[in-house]
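Spelled out, the chains give:
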Amino acid sequence: MTETEYESVVLVKQEVFVYKIPPRQSNRSYRAADWNLAEPIWTGRLRMVSKGRALCVKLEDKNSGTLFANCPIESYPGVAIEAVSDSSRYFVLRIQDDNGRTAFIGLGFGDRSDSFDLNVALQDHFKWVKNEEKIEKEKVEPKQQLDLGFKEGETIKINMKITKKDGSEASSRLNNKKTGSGGLLPPPPGGNKVSSPSHQPTTSVTGTGQTEWGEFTSAGVPGATAEPSTTATTPSKANSNWVQF
């Protein structure tokens, strides 16, 4: 079951003028000055109606509504309705009877705003028709989906910049340079350096034949006798020469 199309009134102008125009002698555009504008051959009402995508201009009697002429319009701008070159208030219509015979007549408005309304109505209708055709075409032929995937062998490179707290920029790549033979990373900035171990203390012979180790040195020599100490010393004083680790 097909959808029923209803006739819709697009534009109505209560007073328009129809003129007899001379035959077109060349391809130059029509000029209203060539018409007898003071004596129109008919005065009546204009009614523009649409039925689906079809559009036509009907010239009717203002009182009885009797049809004077019918102008089917397939496109605009086009042959069916054409503006003249010397005025915005006049047009040339190609009217058609029920037998398919056509003739050209002049159409005029008393006010420029009326002719402007006619232009807008024509443009809006055919803009709608164009959109409808586009929608129907997309239903039959869907839009081709874009392939945004990576092809074989394709790579992408992203350059990133990292901003420090102080506002300076640092590269996102890490420094992979090795330091030293062991491949260790450099120490953190501001770290304490570890000093190298000190040399072993050397012993020196004093004038009495004893070393800095005192009585403990002589205790390791066979036959040596330790002299008794006349004064009692605390362990901290006696071992003052020990190197503390």
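Residues numbered from 1 in each chain as written. Predicted model: local features only at pLDDT ≥ 70, side-chain atom pairs only at ≥ 80, totals over all residues. Heavy atoms only, no water.

S.K.: What is the right way to look at the overall build of the protein chain in this model?
M.R.: Tallying secondary structure elements over the protein chain gives three helices and nine strands in all. Counting from the amino terminus, the protein chain carries its helices and strands in the arrangement β-β-β-β-β-β-β-α-β-β-α-α. Relative to its full complement of 245 residues, the protein chain shows a buried share of 22%. Of the contacts formed within the protein chain by residues at least 6 apart in sequence, a portion of 51% connects residues at least 24 apart. For the protein chain, the exposed area adds up to about 20,000 Å²; of that, 52% sits on carbon and sulfur atoms. (Helix = DSSP H or I, 4+ residues; strand = E, 2+ residues; numbered from the N terminus. Buried < 20%, exposed > 50% of the residue type's maximum accessible area, 1.4 Å probe, protein only. Contact = heavy atoms within 4.5 Å. Areas by Shrake-Rupley, 256 points an atom, 1.4 Å probe, with all protein chains shown as cover.)

S.K.: Whenever I open this one, the confidence of the model for the protein chain confuses me. Can you help?
M.R.: Should pLDDT be low for a region, the predicted coordinates there are not to be read in detail. Residues of the protein chain with pLDDT of at least 70 account for 64%, and the chain-wide mean is 76. Per-residue pLDDT stays below 50 along residues 172–181; that stretch engages in seven contacts with residues further than four places along the chain or on separate chains. Below pLDDT 50 for its whole length, residues 216–221 participates in three contacts with residues either more than four positions away or in separate chains. (pLDDT = per-residue confidence, 0-100.)

S.K.: Looking at this structure, how should I read the side chain of arginine 47?
M.R.: Relative to the helices and strands, arginine 47 is located in strand β2 (residues 42–51). Among the residues examined, arginine 47 registers a relative accessible area of 19% and is labelled buried. Here glutamate 60 takes part through its side chain, which lies 2.7 Å from a polar atom of the side chain of arginine 47. Those residues within four positions of arginine 47 in sequence are excluded, and the remaining contacts are Glu7, Val9, Leu11, Val12, Cys56, Val57, Lys58 and Glu60. (Polar contact = N/O pair within 3.5 Å; in protein donor to acceptor, adjacent residues only side chain to side chain.)

S.K.: How should the pairing of strand β3 (residues 54–60) be read in this particular structure?
M.R.: Strand residues, when the strand is regular, have side chains that alternate between the two faces of the sheet. Among the seven residues that make up β3, six are buried, leaving the element largely enclosed by the rest of the structure. Here seven bridges tie β2 to β3, and the two strands are oriented antiparallel to one another. Across the sheet, serine 50 pairs through a bridge with leucine 55, a residue of β3. Counted between consecutive antiparallel strands, the loop separating β2 from β3 contains two residues, among which glycine 52 sits at a positive phi close to 70 degrees. From the end of β3 to the start of strand β4 (residues 67–73), which pair antiparallel, there are six residues, and glycine 65 there has a positive phi angle of about 80 degrees. (Pairing = 2+ DSSP bridges.)

S.K.: Can you walk me through unusual backbone geometry in this structure?
M.R.: Peptide bonds are mostly trans, and most non-glycine residues show a negative phi. Residue proline 77 is reached from tyrosine 76 by a cis peptide bond, and omega for that bond is -5 degrees. Its place among the elements puts proline 77 in the loop between β4 and β5 (81–83).

S.K.: I'm lost on the side chain of arginine 45 in this one. Help?
M.R.: Along the polypeptide, arginine 45 turns up in strand β2. Residue arginine 45 is classed as buried on the basis of its relative accessible area of 18%. A distance of 2.7 Å separates the side chain of arginine 45 from the side chain of glutamate 60, its partner in a polar contact. If we ignore the near neighbours within four places in the chain, the residues touching arginine 45 are Val12, Lys13, Gln14, Val16, Lys58, Leu59, Glu60, Asp61, Lys62 and Gly65.

S.K.: Where do I start with the pattern of salt bridges in this structure?
M.R.: Two side chains bearing opposite charge may form a pair once their charged atoms approach each other closely. Within this structure, the stated rule accounts for 10 salt bridges. Between lysine 13 and aspartate 117 there is a salt bridge, with its nearest N and O atoms 2.7 Å apart. Residue lysine 13 is found in strand β1 (residues 7–19), and its partner aspartate 117 is found in helix α1 (residues 112–140); the two are separated by 104 residues along the sequence. Judged by its relative accessible area of 30%, aspartate 117 is partly exposed. In this structure, the salt-bridge partner of glutamate 60 is arginine 45, at a minimum N-O distance of 2.7 Å. Here arginine 45 lies in strand β2 and glutamate 60 lies in strand β3, a separation of 15 residues in the sequence. There is no split in this pair, since glutamate 60 and arginine 45 are both buried. Beyond isolated ion pairs, a larger network of salt bridges with shared partners links Lys13, Asp114 and Asp117. (Salt bridge = Lys/Arg side-chain N within 4 Å of Asp/Glu carboxyl O.)

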